[in-house]
Amino acid sequence: MRLMATTLLMWACAAGALAADPAAMTAVAPGIWRVTLGTPESAVPTSLREFEPRGDGLSALPAAEAAPITAGDIRFKATPRGSVISLPMEKGEDIFGFGLQLTGSAKQTGMKRTIRVNSDPRMATGDSHAPVPFYVSTRGYGVYVDTARYATFYAGTHEAPRHPGQPGPTGKNMLIEVPAAQGVDLYVFAGPSLQQAVQRYVLFSGGGCMPPLWGMGVLYRAKGDSTAEEVLALAREFRARRIPCDAIGLEPGWHTHAYSCSYAWNKKHFPDPDGFIAALTALGYRVNLWEHVFVHPSAPIHEALLPYAGDRGVWGGLVPDLTVPEARAIFAGYHDSALVAKGIDAFKLDECDNSDYNGTPWSFPEHTAFPSGKDGEQMHSLIGVQYQRTLYDIFRHRNQRTMGQVRSSQALAAPYPFALYSDLYDHREYVRGVVTAGFGGLLWSPEVSDAASVEDLIRRIQTVAFSPYACVDAWYIKNPPWKQIETEKNNRGEFLPEWEQVEARCRNVLEARMRLVPYLYAAFMIGYRNEGLPPFRGLMADYPGDPAAFVYDEYMMGDALLVAPLFAREASRKIYLPKGTWFDFWTREKIAGGQSIEVPASRETIPVYVKEGCILPLAEPADHITPETIFKITAVAFGKNCAPRVLFEDDGETFDAEKGRFNRVTLQYTAENGPKMERQGDFPAVRYEISGWEHVE
Ligand code: GAL
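Residues numbered from 1 in each chain as written. Predicted model: local features only at pLDDT ≥ 70, side-chain atom pairs only at ≥ 80, totals over all residues. Heavy atoms only, no water.

### What about the sheet that holds strand S29 (residues 631-638)?
Picture the strands of a sheet paired through backbone hydrogen bonds; they go either parallel or antiparallel. Here we have three strands laid out as an open sheet, ordered S28-S29-S33, and mixed in their pairing. Pairing within the sheet leaves two strands with one partner each, and these edge strands are strand S28 (614-619) and strand S33 (688-696). In this sheet, neighbouring strand axes are inclined to one another by 25° on average, regardless of whether the strands run parallel or antiparallel. Of the strand pairs in this sheet, S28 and S29 are connected by six bridges, and their pairing is antiparallel. Directly across from Leu-616, in S29, lies its bridge partner Val-636. (Pairing = 2+ DSSP bridges. Helix = DSSP H or I, 4+ residues; strand = E, 2+ residues; numbered from the N terminus. Axes fitted to C-alpha atoms, helices over the stretch in contact; angles between N-to-C directions.)

### A look at the side chain of Asn-354
On the secondary structure map, Asn-354 appears in the loop between strand S15 (346-350) and helix H8 (376-397). A distance of 3.2 Å separates the side chain of Asn-354 from the side chain of Asp-356, its partner in a polar contact. Polar contacts involving the side chain of Asn-354 include one to the side chain of His-380, which spans 3.5 Å. Not counting residues within four places of it along the chain, the set of residues in contact with Asn-354 comprises Val-117, Asn-118, Ser-119, Tyr-150, Trp-362, Ser-363, Phe-364, Glu-366 and His-380. (Polar contact = N/O pair within 3.5 Å; in protein donor to acceptor, adjacent residues only side chain to side chain. Contact = heavy atoms within 4.5 Å.)

### Side note on the domain arrangement of the protein chain
For the protein chain, the assigned domains read domain 1 (5-205), domain 2 (215-518), domain 3 (528-611) and domain 4 (615-696). Computed from C-alpha coordinates alone, the two centres of domain 2 and domain 4 are separated by 31 Å. Facing 21 residues of domain 2, the contacting portion of domain 4 comprises 22 residues. For the pairing of domain 2 and domain 4, the buried interface totals around 1,800 Å² over both sides, and the portion due to carbon and sulfur atoms is 54%. When the shortest N-O distance is used, the salt bridge between Asp-650 and Arg-401 registers 3.0 Å. Scanning the region where domain 2 abuts domain 4 turns up 10 residue pairs in polar contact (both at pLDDT 80 or more). Its residues placed into classes, the side of domain 2 that touches domain 4 shows 10 nonpolar, three polar and eight charged. (Domains from an automatic or database assignment. Buried area = accessible area lost by both parts, 1.4 Å probe. Salt bridge = Lys/Arg side-chain N within 4 Å of Asp/Glu carboxyl O. Nonpolar A, V, L, I, M, F, W, Y, C, P; charged D, E, K, R; others polar.)

### Quick notes on the sheet that holds strand S16 (residues 404-406)
Reading across from one edge, S17-S16-S15-S14-S13-S12-S19-S18 is the order of the eight strands in this open sheet, with parallel pairing throughout. Here the strands that pair on one side only, and so sit at the sheet edges, are strand S17 (418-420) and strand S18 (447-448). Of the strand pairs in this sheet, S15 and S16 are connected by two bridges, and their pairing is parallel. Within the sheet, the bridge partner assigned to Leu-349 lies in S16 and is Val-406.

### Side note on helix H13 (residues 517-531)
Its axis deflected by about 25° at Ala-523, H13 carries its strongest bend there. Within two residues after H13, Gly-532 carries a phi angle of roughly 75°, on the positive side. (Bend = angle between axes of the 7 residues up to and from the residue.)

### So, the packing of helix H4 (residues 228-240) against helix H5 (residues 273-282)
Two numbers describe how H4 lies on H5: the axes approach to 10 Å, and their chain directions differ by 5°. With respect to H5, the axis of H4 lies roughly parallel. Side by side, H4 and H5 meet where Ala-228, Val-231, Leu-232 and Ala-235 of the first sit next to Phe-276, Ala-279 and Leu-280 of the second. Residues of the contact of H4 with H5, tallied by class, amount to seven nonpolar, no polar and no charged. (Parallel < 35°, antiparallel > 145°, perpendicular 65-115°, else oblique.)

### Some thoughts on the pattern of salt bridges
If you walk through the whole model with that rule in mind, you get 43 salt bridges. A salt bridge links Lys-223 to Asp-225; the shortest N-O distance between them is 3.1 Å. A salt bridge links Lys-348 to Asp-473; the nearest nitrogen and oxygen atoms lie 3.5 Å apart. With Lys-348 in strand S15 and Asp-473 in strand S19 (residues 470-473), this pair connects stretches of sequence that are 125 residues apart. Take Lys-348 and Asp-473: they sit in the same class, and that class is buried. (Buried < 20%, exposed > 50% of the residue type's maximum accessible area, 1.4 Å probe, protein only.)

### Let's talk about the packing of aromatic side chains
Remark: the centre distance and the inter-plane angle together describe each pair of aromatic rings, the angle taken between the planes. The final tally for this structure, using the stated rule, is 47 aromatic pairs. Their ring planes at 85° and their centres at 5.5 Å tell us that Phe-134 and Phe-189 sit as a pair that is edge-to-face. Note that Phe-134 is positioned in strand S7 (residues 131-137) and Phe-189 in strand S11 (residues 182-190), a separation of 55 residues in sequence. Ring geometry for Tyr-263 versus Phe-331: centroids 5.5 Å apart, planes at 80°, classification edge-to-face. (Phe/Tyr/Trp six-rings, centres within 6.5 Å; stacked < 30°, edge-to-face > 60°.)

### What about the site of the ligand?
Around the ligand, the neighbouring residues are Glu-251, Pro-252, Tyr-259, Trp-290, Lys-348, Asp-350, Glu-351, Arg-407, Tyr-421, Asp-423, Asp-473 and Trp-475. A distance of 2.8 Å is found between an oxygen atom of the ligand and a side-chain nitrogen or oxygen belonging to Lys-348. Between Glu-351 and the ligand, the recorded distance is 2.7 Å, taken from a side-chain N or O atom to an oxygen atom. In isolation the ligand offers 310 Å² of accessible surface; the protein chains occlude 91% of this area. (Near = heavy atom within 4 Å. Areas by Shrake-Rupley, 256 points an atom, 1.4 Å probe, with all protein chains shown as cover.)

### Description of H4
Its 13 residues give H4 an end-to-end C-alpha distance of 18 Å, which sits within 8% of 18 Å, the value for a rise of 1.5 Å per residue. Those residues of H4 lying buried are Ala-228, Val-231, Leu-232, Leu-234, Ala-235, Phe-238 and Arg-239. Angularly, the buried residues of H4 cover 160° about the axis, an arc narrow enough to put them on a single face. Turned more than 90 degrees from where H4 packs its buried face, Glu-229 and Ala-240 sit exposed. Residues of H4 that are buried sit in contact with strand S12 (218-221), strand S13 (247-250) and H5. Backbone geometry just after H4 places Arg-242 at a positive phi near 55°. (Expected span 1.5 Å × (residues − 1). Arc of directions from axis to C-beta.)

### Concerning the nonpolar core
Trp-265, Phe-276, Phe-466 and Trp-482 are the most contacted members of the largest nonpolar core, which has 182 residues in total. Ranked by residues supplied to this core, first place goes to H13 with nine residues. Once residues within four sequence positions are removed from consideration, Trp-265 is found in contact with Leu-250, Trp-254, Thr-256, Phe-270, Pro-273, Phe-276, Ile-277, Leu-289, Leu-339 and Ile-344. Among the nonpolar cores identified, the runner-up in size contains 31 residues, and Met-89, Phe-153, Val-178 and Leu-186 belong to it. (Core = buried A, V, L, I, M, F, W, Y, C linked by side-chain atoms within 4.5 Å.)

### Quick word on the pairing of S29
Burial analysis of S29 places six of its eight residues in the buried class, which makes it a mostly covered element. Taken together, the eight bridges between S29 and S33 define a ladder with parallel strand orientation. Along S33, the bridge assignment pairs Lys-632 with Glu-689.

Following this line, the structure appears as structure tokens:
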């Protein structure tokens, strides 16, 4: 597909501005082209990239002969305000993207979005914890603008630029303004479908991340001021009461000084950190530590980082320039020896987004100067990814996989195993985050702590269980929310009279997550990592030709499951099922697609539908995953002609799979021959055993 050729040179010459040579479109990888417009800045996301594009995955996608947009389609002008780029759009074309977008429509057509890093997005302006200068079109192509600036995208809001005295171009264009920059590199991604354009972008970023197997399980974050004893009591209670939980997170109180961070154990609450970690590890937990990037003067790394700090501090701490290798080495070196070497498995990288519009603003202003020459605006765009890189590299060097959380991200972040989060949103917004994040190669983890009602808790924990990273963030409640949903009563230890029933309902929900671990792990390790297919994404990625699928409250989980959460305050909800046949995940009821169905909120389970022709492996739920866990699987074949289901079998802990130490376990079902399981590969141990089959028609 090629878009209409327009006159790049005409507008550029008339405006006396720089123009790209139409021949300057270079193929950089299969199905990906770059065009350099003007003189790009040096501080751009690609200049800091750690991962090469995944050539193997890109070559496996359908070959694309020609760029879907040619240099001749593009108009460019450098002005004192920065760069202005215009790209054609066609009637009926719809745009999705710009990273995580929690407010407003997920469809960006007709919208103006400024992709500014901000922790408190109030309106649909483009502000986000993780805005990404990448969009995809229903016409089956994608565009990435390589910038760390707060670029503005006018997605078909305005007419294309006119040349004085000449008839104006017709139709609406994509207009892009990149402040300050006198040029920019633009990358164009072929489809042929919207989903394949997303895949190409993820593969260009380096492929999807490789979380550990335990990262498929549940993360529980304990109250911020908990003591070691309190955390251990909680950890024991979960095991005794069979609450699925793989990782325990400590919140600010583990530091001697948290705002800004000392990264040193508060011995009053954690007198024996090594013993504490050992006790949690013995119970089968991974330990995740909260922190942010602002370094307190009492931190052991403060002095060493002074030469690499920005000229504005935050919360009394310095802001390290993590775009500089020396600063990353100091930050990582300390974390490695003081924390990871002692048994810490993961980190929560808080507050690396920017809050400057609330009553208690924090973070550094846009004009901050950093030693690398970057300003605050550029640093806001880059710091989330560079922070992930800094901590990820520690684990990478140890050949140990991690699954963390991060509050900010931007371009090319897909290879980093961190899920985005924030506790500021309502349930619908959380779901919209799952829908939109996928378009930018990001993972968004909705979270739950207290709740408005028991129903609200159940509904939200259901969304949590069917999300990229299942997190209960009890950072301000002492007891699990299923014991008491109201914060004050919870902290006073006053439990709901029916708390055991509520706990049982939550346990069921989390167990459903654990049943799906083998399926989800393959969605990450094969779909995301190798093929660039986001494991969670809006329906429009899979059904771009069906405008009815442009819904913002349902999403795909892997290739087989459609998830449509219920919201506590709504008596029922409408669920759109795209064309084809679907099966209710819980009841196995067969439902015709190509229609919307109304589902009452009286049902206990979260509406989840399985696509016909899929085999779903359902594991006996473990309460946590160890290197020895063997998943006993019931494989359920939904409908006729089921496609083989491939599972990924490896140690789940190291990067050895990259060296070929893994198996592909293929499950097949045919009416004539029944079920079959085949194993191919060099991984010596067995992690999946088939304990039963079911065929649903
Ligand atoms: C917030 C964060 C919460 C919690 C809290 C601790 O910024 O979003 O999840 O970690 O800080 O103070």
